[in-house]
Structure formats: C-alpha cells, structure tokens
Amino acid sequence: MNTAELLVKCLENEGVEYIFGLPGEENLDILEALKTSSIKFITTRHEQGAAFMADLYGRLTGKAGVCLSTLGPGATNLMTGVADANLDGAPLVAITGQVGTDRMHIESHQYLDLVAMFEPVTKWNTQIVRPSNTPEIVRKAFKIAQSEKPGAVHIDLPENIAEMTAAGKPLHKNDGEKTFAAFHSLEQAAKAISQAQNPLIMVGNGAIRADASVAVTEFATKLNIPVANTFMGKGVIPYTHPLALWSVGLQQRDHISCAFDQTDLVIAIGYDLIEYSPKKWNPLGEIPIIHIGDTSAEIDSSYIPVVEVVGDISDSLREILDRADRQGKPDPYALQLRADIRADYEEYANDDGFPIKPQKIIYDLRQVMGPEDIVISDVGAHKMWIARHYHCDRPNTCIISNGFAAMGIAIPGALAAKLVYPQRKVIAVTGDGGFMMNCQELETALRVGTAFVTLIFNDGGYGLIEWKQHNHFGESAFVHFSNPDFVKFAESMGLKGYRVESAVDLIPTLKTALEQEVPSVIDCAVDYRENFRLTQKAGDLSCKIWQ
Ligand SMILES: Cc1ncc(C[n+]2csc(CCOP(=O)(O)OP(=O)(O)O)c2C)c(N)n1
Ligand SMILES: [Mg+2]
C-alpha cells in the first residue's frame, strides 16, 4: 500500500461517498487509488465547480464534502469554493496534489506553498510529509471540518510522499459528545425573556446545522414570540406559521426593520454575525441580546449579549421554556407586520408585465416547488429577491451563500443537491453573470445524470452592482454585457433550453423543464427597474403601527 491508497482507505472510513475534482499530474496516485474504491469520483470542468459541489454537499448533509485538485493553478482555482464553505459554515475537506518534497526549496514548475495559501481560507490545514501520519491527519481533518462551527480544511499531498509505501489503518471515529448550557445562563435567559415586552427571535444557519427547527418552533409558539430568519436560516420555522416574520438581511430598511426598531430583546438563535451584520439592526448597540448557540458569540460592538447560552440549541430552548413565564396572545405588532410583509409578497402574483418582475418570478417559482424541493441561489440582485420573497417550509430547502457570497455557486451547488436528494426537484436560480462563471458544470451534470433546472434572471448585466451604483452615485458604469443565446447554448450541450416570452409562460415552462430527464436551462428576462422601486419604497417606509 502507498500513501495515496492509505489516504483513500481513510476517506472511505469517514463515509465519503463522492470526491469532486479535476485530475493533474501531481494527484495521479490518488486517482489510481480511487479506481478500486467505493468512493465515486466526479470529474468536473473547473476546480471551482468541484469545491462548490463539496461545499453544498457539506451544507446539506453536515458531512464534509471532499474536493480534489492538482497543485498550482488547480489549487488556486479550487480556493474560491473552499473559502465559500469556510465562511458559510459548511464542512469541506480539500485535497491538493503537490510537487515532491525534493523540489520545494527551489523555484520549480507550478510550485506554490499551498499550506500557506489555504491557511486563511480554512479552519486547519497541513501537508502529509510522513506516510504513517495519514490516518491521524485525515481523522483530524474531518473532526475539525464537521465540528461546530463547521468549515473547510485542507490536506496537501506531495507526489513523492503519495507513492511511498505506507503502513497504518484508519482511526476510529469519535466526534465528541454534545455539550449543554450552564444552569445560570438558562436561568438568566428565562428571566430576561419573562420580563421583555416585545421580544423578537432571530434565527440563523446555526439552528439548521443543529437540527433545532422543531425546538425553535415550539419555543416561539409557546412563548408567543415572533421569529425573523436570516437568509441562511430559511425554513427553521415554517413560513406559514402565524409568528413567522420571514427573512431579514437586506442592506436597506424593509418592513422587518420595524420589528427591530420596536423590540426590547433580541433572542438570537444559531445566528452568526457573518450572515447579517448586527451594525445593520442594532447600530447603536442598545438592543439587549440573548445569544443561544452551540458556540459563544463573536465580538462586535453592536452584539454584546446580556447572556450567552452556549450548548446544544434544542436542549437550551427546552430548558429556557421550562423556566420562562410569558402569558398572552401573539403581539398585535407582529401580526400587523406579518400582514404587511405578506401583502407585499402577494402584490405581483398576477402581474403580466414583461420583462417579468422579480417578485412575480419568485412567486411563480414557489408555486411549482413542493415543501421538500430545493432552490439554490446564486449571488446578485436575484438573490436579494429570493431572500425577500422565497419562503420555506423546511430547513435547507433554499440555499443562499451569505457568508462568502461567491457568484457561480448555484449550478455546481444544484448538482450536489441533486446527488444528495435525487427524488427532489432542484432549481438553480442565477443571474446571467453568475451563470457564465460556472455554466460548464452543466456538462458535468448531464454526464452524472443530475437533471436539475437552471433559471437565469437575464438583465444583460451585473444587476446588483448596477443597483448599488444607482443608490450611491445616481448612475451606473461598467456593468453591462451581452449574452449568448442561452437556449442554443443549452441545446449545443445536449441539454434542454427554454425561453420565457411572457409572464404567463413561466409556470408552464418551469413545469416542463422539471419533467426533463436531462438538465435544462430557462432564459427569463427580468425587469430590474423593480430594484430601484424597492429602494424608493424602503426610503418611504414608516413603521406605521407604532405611530
Ligand atoms: C465571484 C464574485 N465576483 C464578484 C462578486 C461581486 N458581485 C456581487 S453580485 C454581482 C453581480 C451579479 O450579476 P448577475 O450574476 O448577472 O446577477 P444579477 O445581479 O444581475 O441578478 C457581483 C459582480 C461576487 N459576489 N462574487
Ligand atoms: Mg445579471
């Protein structure tokens, strides 16, 4: 057995099902070892696609997704997706090939110090320099990647070490036990909640990672406390729940801002500051906060909790519930706010304008998707509309990257989602800019048999940036481009391609696309004048119910 073979045995021991990657001269021994492994290797068309696939696999399953590249340019290509996993809290193990240890000290072809390079985008990383260390390194990598807060790790394997004889066997998996919150923190939290007049719950992705959806819903319902979710916390509480105030996280004010203006206690559950800066909802740092999470709070002058309840989230919520005393009906302000948010959502349900308004596209998208089906958002103005208007019944059914927020994630992400849940409908929603960043992975999708739909918001530009430029400078620059004919483009790759010609076309087109046995692409012209209208509306917003 050589080191590469031992590495693959260790990966099998960790339960790895897929490795997403791209071959190169310096990872040949790993690929050779994979030929006889139970792990399926998915050959991608760009290392970034491989890393995004591993990222989404990790985010959806809680088990580290694994990606592989060669050294130098392969590794630099891999980095964006690795960084995305790290900042989005998705477990990922990246493996790179490397030159032999005999030529690292001199200038040599394609050599970069990859351990130094990946250090800022990972929780931990190392190089295998002794074959017999491989089992410890792999076990440590998975343990760190998968433990709270999950993220990326990186293993670098020099080619001369990969082919060396290796002795050893995979280590027993032991990922540690749950920890429970301290008694006094539970008491303090219960007291603060009992005394608050207008408490507000904000849930983030940590509640999804901790599988705390049932406990959050029970906690909110029994205590009659309204719940807002971050973009990455969608579905923790069903959007149909009478206390659900839907998503918070736009950079501008929105209806939900009124809840933060009014509250005298924010109960943050599984909330990471990276998802939505507390400076946006607590600029003066004056709102009292209870932090409930698996890890303690990050430092921020706008986020200094009065109490931190650190431990298993579901257990903490049940313990607080036992101790808190809050009687009464749902707060009328929450019900009014919910009605306003809902009215906004319904406003364009029958709009027949063309190009289609983003609100209408998302409304129709929701109609064709079941409660378990999955939308993967790319990054751009369309993401803001998805965040504002696409609401979920269940966790992990609308995936938004809001930690690193890298364009190009949706198509590779949808491929991974379809591998994890082949029975569910999966739609990648992307801008035309993001589409062109990783559309080559549609060939990978066709080859591996993952038939998802890609819905393109076509505005001929970097819409979000145009929106921001207008807000700041009153005009835009350097944001427009032309596109290929997306229908012909899809067809040339052996996919199905559709163009939506009117608003009434959208639902039937989505339904047809979802029935196909190959991946499909829908080109949908979007009316982004709505972006500017939303900014205008936000400026005019008044929290009327308290005046
Ligand atoms: C890889 C990457 N490059 C640049 C950005 C900055 N950025 C954020 S949104 C955006 C425009 C996205 O354009 P498009 O994909 O067409 O979506 P739209 O905003 O038009 O809906 C850009 C350039 C980013 N987030 N990620
Ligand atoms: Mg665009």
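Just so you know, these numbers come straight off a predicted model, no measurement behind them.

1. Description of the site of ligand 1
Phase 1 of the analysis: Neighbouring ligand 1 are 17 residues; Ala381, Asp432, Gly434, Leu464 and Tyr528 lie closest to it.
Phase 2 of the analysis: Between ligand 1 and Gly433, the relevant distance is 2.8 Å, taken from an oxygen atom to a main-chain nitrogen or oxygen of the residue.
Phase 3 of the analysis: In the environment of ligand 1, an oxygen atom lies 3.2 Å from a nitrogen or oxygen atom belonging to the side chain of Asp459.
Phase 4 of the analysis: Burial of ligand 1 by the protein chains amounts to 78% of its free accessible area of 580 Å².
Phase 5 of the analysis: At the level of elements, helix 16 (381–389), helix 18 (432–438) and helix 20 (463–473) are the ones that each hand at least two residues to the shell around ligand 1.

2. Concerning the nonpolar core
Phase 1 of the analysis: Formed by 62 residues in total, the largest nonpolar core has its most connected members in Phe219, Ile269 and Trp281.
Phase 2 of the analysis: In this view, Trp281 contacts Met202, Phe260, Val266, Tyr271, Tyr276, Ile287, Ile289 and Tyr303; residues no more than four positions away in its chain are not counted.
Phase 3 of the analysis: Formed by 53 residues, the second largest nonpolar core is a distinct cluster that contains Ala51, Ala90, Ile374 and Ala445.

3. As for the coordination of the magnesium ion (ligand 2)
Phase 1 of the analysis: Every protein donor of the magnesium ion (ligand 2) is accounted for by Asp432 (OD), Asp459 (OD) and Gly461 (O), and the metal-donor separations fall at 2.1 Å.
Phase 2 of the analysis: Read in sequence order, the donor residues coordinating the magnesium ion (ligand 2) give the pattern D-x26-D-x1-G.

4. Structural notes on the sheet that holds strand 8 (residues 227–229)
Phase 1 of the analysis: The strand order 9-8-7-10-11-12 describes an open sheet built from six strands, whose pairing is parallel. The sheet is open, and its two borders are formed by strand 9 (244–247) and strand 12 (307–310), each paired with just one other strand. Strand-to-strand, the axes of this sheet are offset by a mean angle of 15°, without reference to chain direction.
Phase 2 of the analysis: With four bridges joining them, strand 10 (residues 265–269) and strand 11 (residues 289–293) adopt parallel strand pairing. When the sheet's bridge partners are listed, Ala268 is paired in strand 11 with His291.
Phase 3 of the analysis: Against the sheet, helix 14 (residues 332–346) makes contact with strand 7 (199–203) and strand 9, and its axis sits at roughly 45° relative to strand 9, the strand it touches most.

5. Examining empty space enclosed by the protein
Phase 1 of the analysis: A complete count under the given rule lists three cavities of 30 Å³ or more for this structure.
Phase 2 of the analysis: Estimates place the volume of the largest cavity at around 120 Å³.
Phase 3 of the analysis: If you go around the largest cavity, the residues you meet are Leu245, Trp246, Ser247, Asp254, His255, Ile256, Ile341, Asp344, Tyr345, Arg388, His389 and His391.
Phase 4 of the analysis: For the lining of the largest cavity, the secondary-structure elements that each account for two or more residues are strand 9, helix 14 and helix 16.
Phase 5 of the analysis: When its residues are assigned to classes, the lining of the largest cavity shows five nonpolar, four polar and three charged.
Phase 6 of the analysis: Around the second largest cavity sit 14 residues that line it, and Asn229, Gly235, Tyr239, Trp246 and Cys392 are the ones nearest its centre.
Phase 7 of the analysis: At the level of elements, strand 8 and strand 9 are the ones that each hand at least two residues to the lining of the second largest cavity.
Phase 8 of the analysis: Per-element tally for the lining of the second largest cavity: the top contributor is strand 9, with four residues.
Phase 9 of the analysis: Residue composition of the lining of the second largest cavity, by class: nine nonpolar, four polar and one charged.

6. Some details on the sheet that holds strand 16 (residues 453–458)
Phase 1 of the analysis: Taken in spatial order, the six strands line up as 14-13-15-16-18-17 in an open sheet, and their pairing is parallel. Where the open sheet ends on each side, the last strands, each with one partner, are strand 14 (398–399) and strand 17 (496–500).
Phase 2 of the analysis: With five bridges connecting them, strand 17 and strand 18 (residues 520–525) associate as parallel partners. Pairing of Tyr498 across the sheet is with Ile522, part of strand 18.
Phase 3 of the analysis: The sheet contacts of helix 16 involve strand 13 (374–377), strand 14, strand 15 (426–431) and strand 16, and relative to strand 15 the element is tilted by about 135°.
Phase 4 of the analysis: Of the strands in this sheet, strand 13, strand 15 and strand 16 are in contact with helix 17 (residues 410–420), which crosses strand 15 at around 175°.

7. Observations regarding the packing of helix 16 against helix 20
Phase 1 of the analysis: Running from N to C, helix 16 and helix 20 point in directions that differ by 90°, and their axes come no closer than 6 Å. Between helix 16 and helix 20, the crossing angle belongs to the class labelled roughly perpendicular. Taken together, the residues of helix 20 that come into contact with helix 16 (itself represented by Ala381, Met384 and Trp385) are Gly463, Leu464 and Trp467.

8. Comments concerning the packing of aromatic side chains
Any two aromatic rings considered together are summarised by their centre-to-centre distance and by the angle between their planes.
Phase 1 of the analysis: Considering all chains together, one arrives at 13 aromatic pairs under this definition.
Phase 2 of the analysis: Arranged with centres 6.2 Å apart and planes meeting at 75°, the rings of Tyr18 and Tyr57 form a pair that is edge-to-face. With a gap of 39 residues between them, Tyr18 in strand 1 (residues 18–21) and Tyr57 in helix 3 (residues 47–61) connect regions that are remote in the sequence. Like Tyr57, Tyr18 is buried.
Phase 3 of the analysis: For the pair Phe260 and Trp281, a centre-to-centre distance of 5.5 Å together with 45° between the ring planes defines the contact as tilted. Of this pair, Phe260 sits in helix 11 (residues 257–262) while Trp281 sits in helix 12 (residues 278–281), and the two are 21 residues apart along the sequence. Judged on exposure class, the residue Phe260 and its partner Trp281 are both buried.
Phase 4 of the analysis: Taken together, the aromatic side chains of Tyr239, Trp246, Tyr345 and Tyr363 make up a single cluster linked through ring pairs.
Phase 5 of the analysis: It is Arg424 that lies over the ring of Tyr421; its NZ or CZ is 3.7 Å from the centre.

Rules used throughout
- Residues numbered from 1 in each chain as written.
- Chains lettered and ligands numbered in written order.
- Predicted model: local features only at pLDDT ≥ 70, side-chain atom pairs only at ≥ 80, totals over all residues.
- Heavy atoms only, no water.
- Near = heavy atom within 4 Å.
- Polar contact = N/O pair within 3.5 Å; in protein donor to acceptor, adjacent residues only side chain to side chain.
- Areas by Shrake-Rupley, 256 points an atom, 1.4 Å probe, with all protein chains shown as cover.
- Helix = DSSP H or I, 4+ residues; strand = E, 2+ residues; numbered from the N terminus.
- Core = buried A, V, L, I, M, F, W, Y, C linked by side-chain atoms within 4.5 Å.
- Buried < 20%, exposed > 50% of the residue type's maximum accessible area, 1.4 Å probe, protein only.
- Contact = heavy atoms within 4.5 Å.
- Donors = N, O, S within 2.8 Å, 3.2 Å for Na, K, Ca; no water.
- Pairing = 2+ DSSP bridges.
- Axes fitted to C-alpha atoms, helices over the stretch in contact; angles between N-to-C directions.
- 1 Å grid on protein atoms, 1.4 Å probe; cavity = no way out; pocket = protein on both sides within 12 Å on 5 of 7 lines; lining within 4 Å.
- Points joined across faces, edges and corners; volume = space filled by probe spheres on them.
- Nonpolar A, V, L, I, M, F, W, Y, C, P; charged D, E, K, R; others polar.
- Parallel < 35°, antiparallel > 145°, perpendicular 65-115°, else oblique.
- Phe/Tyr/Trp six-rings, centres within 6.5 Å; stacked < 30°, edge-to-face > 60°.
- Lys NZ or Arg CZ within 6 Å of the ring centre and 35° of its normal.

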